Amino acid sequence: MTDFATRLLTDLVTPERPADPRDSWTHAVQLSACAEFPSGRVAGFLSDGLQANETAIAIATTRHLPGILAACRDRGVDVSAAQERGTLVTLDADEALAGLLHAGRPDQSLFNSTIGRAVERLSADGRRVRAYGEMVDVLWSRGDTQAALDLEALWNELLDRVPLRLLCGYTIDAFEGDAGVEGFRRVCAQHQSVTPVGDGDSGATDVPGLLVAELQLRNTHVQAETARRHRAEDAERVAREQARESHERLERLHAVTSVLSGAVTLDDVGRLAGSEVMRAVGASSVVLAVPEAEQRLRLLAQDHSSPDTADYAHVSIDAQIPLAEAYRTGLPIWIDSSIELRTRYPDALPTITRSLGCAPIHIAGRRLGVLALGFFDERSFSALDQAFVQDLARQVGFALERGRLYEEARRSEARLREANQRKDEFLALLGHELRNPLAPIMTALQVMKLRGDTSSERERAMIERQVKHVSRLVDDLMDVSRITQGKLELKKAPVEFNAVLAQAIEWAGPLIEQRFHHLVVDMPREPLWINADAVRLAQAVGNLLTNAAKYTDRGGQITVCARREADSLLIVVRDTGVGIAPAMMSRIFERFVQVDRTMENAHGGLGLGLALVKSLIELHGGTVAVASEGRGHGSEFRICLPTLAASPSPVEAGRHHGRLDPSALRRVLIVDDNPDAADALADMLAALGHETEVAYDGVEALARARGRDFDVAILDLNLPVMDGYEVARRIREQSGSSSPRFIAVTGFGTQEDHARSREAGFVDHLVKPIDCERLLSLLESPRA
Ligand code: ADP
């Protein structure tokens, strides 16, 4: 015998009452398992009594009672007759229990007046009674163990009074855990016998029955424990599986996100998203659509291996298909089977896709598109599946939003660039068109001057001043346009800065004088050689001096000083004028920026002077900066230029300053389709003593050249019908060795224009309005 069995035998409480001499027990326990009720055994107990002329009472739950009565019938008992005769009483255990409880505990008088009375009635004529009861089990199963034991005690009292054999039904599963074993023993202590679980005829009325019962109880516990463990293991397996799946999904999501981070444009997103999303979800097809104008969705990505999906580029937002509906409603759509697909979307094209999911894409409340995934098999989308697809859609959404912003920025940048370019082109054209009429005006003024006509001297001087002013503005405009288009090239040569400054002062001088400023020039004794385009550098310094004169009240002081500092030449132009507010200092070198644009404060500028200074100085490899203590405290502009390491040779230096000797008068042919320009020039040259003839087109020019030999032909290149190049070629042909020297006059002054005229044999290329001094010195230079 095992330890457990020995202990059990010693532990068990000896039955309090001696067994009935005819039977081995009067109060016993019948155990049952939840799953299997021993109706046969209970029925056997009752039937044996009835058939031995005893009476019986069965107090069972409605779950068990019908089975018990059926088993009685199987044993030959006429149940209905017995009930009618009153030898068999049946009661609903729950109802009977309710009738004897008071404040949740079995009440002795209630018990006696209900159950006690029924049992006494059954034994009225001295007959023995058999009772089967489950009320104690109902209480025990509810956890009212003390109430169950109290009820057992009431039954025991009844047993003392009435010839009764009582079988109590208990469910073994109600005795759970160690506390259950203890409780079971207390129940057994109230009984004389225990019949273990099972529906056979065990006849167990002794201790081994009790032992088996307790072993069964232990076994039940083991089974319950095993079942619990299995459930826990299953739950753990499921949790682990879910964790693995979540991890895998996270990794796939991460892969999609990192691939999409490389997408810049919307097309990039379309190209990358399709295949990546398809791989991540294991879908058979994927479509990514974004909204477009006209109530349409544009399909950015279409990746599918479905042979029946035709490539199409657009879908109407109103289309009765899942993709469009998900976009319209903003709600995801999940379709598990082809039947569902056909039923919900009867108008959709036939497809071999059996299940699909469509997730609308929202970012910050904006509808950016929709992501649709198709599968060739039927599948139901779990909550996890749906969340995963929606996460993917969100990632695609971020990429779409980035792409959209990028493309918008690129479009506005392109628009800006285009507008800027149009403006530059317009300014270049404007400068060109303004310059053309200035040429004849200037020439006419020269002629008036040469004629020595003094009657309109004041008006002539005034016109000359104004025309020069307009010319300067136009020049600035043209120069800035050339610089922005990269067309301005410097003619650099070694030059001594004194000569440059002299030129700058000559230009700015009239304004300085006009405004009664005091000019202080502070230069070192030794020459300052730099490698520069003398004209352009003088223009830059001249602009600073002009500004100093403009923005200083009459009678101010302007100081120019220059000195060598290490490898640089530092040029400072300082004034005692209005000064510059700190906020404007970083902007005044930009084109068209003026501190005060009001008409009262206009000084006849376009806001281009400083932009030109900056560009010209930078083209020379230098820098320009401004400093001012603020409004009313004067300004200081500093130019810093690289110097030449050594002074150039005197020969080299002289070449740039030498002058040519004057020479004899020339026979000059002037060809220009602008009669004013041609006549004015002819008048001016004639006034100087040159012989001139004028032609207004190519044909006339050829005719005049045929009649006589000219020393020089001044040709406008832009002639109608036959251009200046053609005229020059033909004159050269017809004149042979006595061909004149050709000088080009034109509104176009780019480097290419110069190169082209040089190639065509022109000795020089003058840009309108022409520099008269230069023209005269060209005429005077000896024939080659
Ligand atoms: P503009 O003289 O045609 O207006 P600039 O480009 O030469 O254009 O100068 C830009 C602006 O900088 C001027 O409008 C003026 O307000 C300011 N500025 C330039 N030089 C000076 C100076 N010496 N003193 C004070 N302000 C100046």
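Read on for a plain summary of the structure. For clarity, every value in this text was computed on a predicted model and none was experimentally measured.

## Topic: the overall build of the chain
- In terms of regular secondary structure, the chain is built from 25 helices and 26 strands.
- Residue burial in the chain is summarised as follows: out of 784 residues, 45% are buried.
- Residue pairs in contact within the chain that sit at least 24 positions apart in sequence constitute 69% of those at least 6 positions apart.
- Element-wise, carbon and sulfur atoms account for 52% of the exposed surface of the chain, whose accessible area totals about 39800 Å².

## A look at the pattern of salt bridges
- Throughout the structure, instances matching the rule amount to 49 salt bridges.
- Salt-bridge contacts for R252 lead to E248; the nearest nitrogen and oxygen are separated by 3.4 Å. Taken together, the positions of R252 and E248, both in helix α10 (residues 207-260) and four residues apart, correspond to about one turn of that helix.
- Of the residues examined, R252 reaches a relative accessible area of 26% and is grouped as partly exposed.
- In this structure E248 comes out as partly exposed when scored by relative accessible area, which is 33%.
- Across the pair E693 and R704 runs a salt bridge, and its minimum N-O distance is 3.2 Å. Of the two residues, E693 sits in strand β23 (residues 691-695) while R704 sits in helix α22 (residues 698-707), which places them 11 residues apart along the sequence.
- Classification of E693 as buried rests on a relative accessible area of 18%.
- Judged by its relative accessible area of 32%, R704 is partly exposed.
- A single salt-bridge network, built from bridges that share partners, covers E691, E693, E700, R704 and R708.

## Considerations on the site of the ligand
- Around the ligand sit 20 residues in total, of which N547, Y551, D575, Q594 and L610 are the nearest.
- Interatomic distance of 2.9 Å between a side-chain N/O atom of N547 and an oxygen atom of the ligand.
- About the coverage of the ligand: the protein hides 96% of its 530 Å² of free accessible area.
- Those elements that place two or more of their residues in the shell around the ligand are α17 (534-550), α19 (609-619) and β21 (635-642).
- Per-element accounting of the shell around the ligand gives the leading share, three residues, to α17.
- Broken down by class, the residue content of the shell around the ligand amounts to 11 nonpolar, seven polar and two charged.

## A short note on the packing of aromatic side chains
- Taken as a whole, this structure holds 11 aromatic pairs when the rule is applied.
- Relative to F175, the ring of Y170 has its centre 5.8 Å away and its plane inclined at 45°; by these criteria the two rings are tilted.
- Accessibility expressed as a relative area gives 0% for Y170, which makes it buried.
- What makes F175 buried here is its relative accessible area of 1%.
- Pairing F589 with F637 gives two aromatic rings, centres 6.2 Å apart and planes at 80°, and the pair type is edge-to-face. In this pair, F589 sits in the loop between α18 (582-585) and α19 while F637 sits in strand β21, placing the two residues 48 residues apart along the sequence.
- Note on F637: relative accessible area 7%, which makes it buried.
- Three or more aromatic residues link up through ring pairs in this structure, and these residues are W140, Y170, F175 and F184.

## Remarks on the packing of helix α16 (residues 497-514) against α17
- Relative to each other, α16 and α17 sit at 35°, their axes nearing to 8 Å. α16 and α17 meet at a crossing whose hand is right-handed. Each of F497, V500, L501, Q503, A504, I505, W507, A508, L511 and I512 in α16 lies in contact with α17, whose residues at this interface are A534, V535, L537, A538, Q539, V541, G542, L545, T546, A549 and K550.

## Topic: helix α2 (residues 39-51)
- Look at α2: 17 Å from first C-alpha to last across 13 residues, which is about the 18 Å you get at 1.5 Å a residue.
- Turning to α2, its buried residues are S39, G40, R41, V42, A43, G44, F45, L46, S47, G49 and L50.
- With its phi angle positive at about 65°, N53 sits one or two positions after the end of α2.

## So, the environment of G282
- Checked against the element boundaries, G282 lands in the loop between α11 (266-281) and β9 (285-292).
- For G282, a relative accessible area of 46% translates into the label partly exposed.

## Here we look at the sheet that holds strand β8 (residues 193-195)
- With parallel pairing, six strands are arranged side by side in an open sheet as β3-β2-β6-β7-β1-β8. The open sheet has two edge strands with one neighbour each: β3 (88-92) and β8. For this sheet, the mean inter-axis angle between neighbouring strands, taken without regard to orientation, is 15°.
- In this sheet, strand β7 (residues 164-171) lies alongside strand β6 (residues 129-133) in parallel orientation, the contact comprising five bridges. Among the inter-strand pairings, A131 is bridged to a residue of β7, identified as L166.
- Strands β2 (55-60), β3, β6 and β7 of the sheet are contacted by helix α6 (residues 108-122), whose axis makes an angle of about 155° with β2.
- Strand contacts of helix α7 (residues 135-142): β2, β6 and β7, with the helix running at about 30° to β7, the strand carrying the most contacts.

## Let's talk about unusual backbone geometry
- With a phi close to 65°, N53 is a non-glycine residue in the positive phi region.
- Along the polypeptide, N53 turns up in the loop between α2 and β2.
- Positive phi values are uncommon outside glycine, yet F592 reaches one of about 65°.
- When you line up the elements, F592 lands in the loop between α18 and α19.

## With respect to the sheet that holds strand β25 (residues 741-746)
- Across the sheet, five strands lie side by side as β23-β22-β24-β25-β26; this open sheet has parallel pairing. Pairing within the sheet leaves two strands with one partner each, and these edge strands are β23 and β26 (762-767). Neighbour-to-neighbour, the strand axes of the sheet open up by a mean angle of 20°, direction not taken into account.
- With five bridges connecting them, strand β22 (residues 667-671) and β23 associate as parallel partners. The residue of β23 that forms the bridge with L669 is E693.
- Across the face of the sheet, helix α23 (residues 724-735) comes into contact with β22, β24 (712-716), β25 and β26 while running at roughly 155° to β24.
- Contacts from helix α25 (residues 772-780) reach β22, β24, β25 and β26 within the one sheet, and its direction differs from that of β26 by about 165°.

## Here we look at α25
- By the burial criterion, the buried members of α25 are C772, L775, L776, L778 and L779. For α25, the angular spread of buried residues about the axis comes to 160°, placing them on one side.
- Elements in contact with the buried residues of α25: α14 (383-451), β22, α21 (675-687), β24, β25 and β26.

## Focus: the packing of α21 against α25
- One can describe the packing of α21 onto α25 by two numbers: an axis separation of 12 Å at closest approach and a directional angle of 60°. Judged by the angle between their axes, α21 and α25 are oblique. Between α21 and α25 lies a crossing of right-handed hand. Here α21 contributes L681, M684 and L685 to the contact with α25, which in turn contributes C772, L775, L776 and L779.
- Here the contact of α21 with α25 is composed, by residue class, of seven nonpolar, no polar and no charged.

Calculation rules
The residue numbers shown here count from 1 along each chain, following its written sequence. With the structure being a predicted model, the display of local features is reserved for residues of pLDDT at least 70 and the display and counting of side-chain atom pairs for 80 or more, all residues being used for whole-chain, interface and lining totals. Values shown for side chains rest on all heavy atoms present in the structure; no hydrogens or waters enter the calculation. Only DSSP runs of H or I covering at least 4 residues are called helices, and only runs of E covering at least 2 are called strands; the numbering of each starts at the N terminus. The rule is simple: take the accessible area with a 1.4 Å probe, protein chains only, and divide by the maximum for that residue type; under 20% is buried, over 50% is exposed, in between is partly exposed. Throughout, a contact is declared for two residues whenever any of their heavy atoms are within 4.5 Å. Computed with the Shrake-Rupley method and a 1.4 Å probe, the accessible areas treat only the protein chains shown as cover for residues. The salt bridge criterion pairs a side-chain nitrogen of Lys or Arg with a carboxyl oxygen of Asp or Glu, the two atoms within 4 Å. Proximity is defined per residue: if any heavy atom of the residue lies within 4 Å of a molecule or strand, that residue is considered near it. Here a polar contact is taken to be a pair of N or O atoms separated by no more than 3.5 Å, where protein atoms must pair a possible hydrogen donor with a possible acceptor and residues adjacent in sequence count only if both atoms sit in side chains. For this scheme, ten residues count as nonpolar: Ala, Val, Leu, Ile, Met, Phe, Trp, Tyr, Cys and Pro. Four count as charged, namely Asp, Glu, Lys and Arg, and the remainder, Gly too, count as polar. Each pair of aromatic rings taken from Phe, Tyr and Trp, with Trp reduced to its six-membered ring, is defined by centres within 6.5 Å and is described as stacked if the planes are under 30 degrees apart, edge-to-face if over 60, and tilted in the remaining cases. Here an angle of 0 to 180 degrees is reported between the N-to-C directions of two axes, which are lines fitted to C-alpha atoms, with helices fitted over the stretch in contact. Helix crossings get a hand from a simple test, with the near helix turned counterclockwise from the far one by less than a right angle marking a left-handed crossing and a clockwise turn marking a right-handed one. For a helix, the expected span equals 1.5 Å multiplied by the number of residues minus one. The pairing criterion is simple: DSSP has to find at least two bridges between the two strands. Here the arc refers to the directions that run from the helix axis out to each C-beta atom. For classification, angles of less than 35 degrees are called roughly parallel, those exceeding 145 degrees roughly antiparallel, those between 65 and 115 degrees roughly perpendicular, and all remaining angles oblique.

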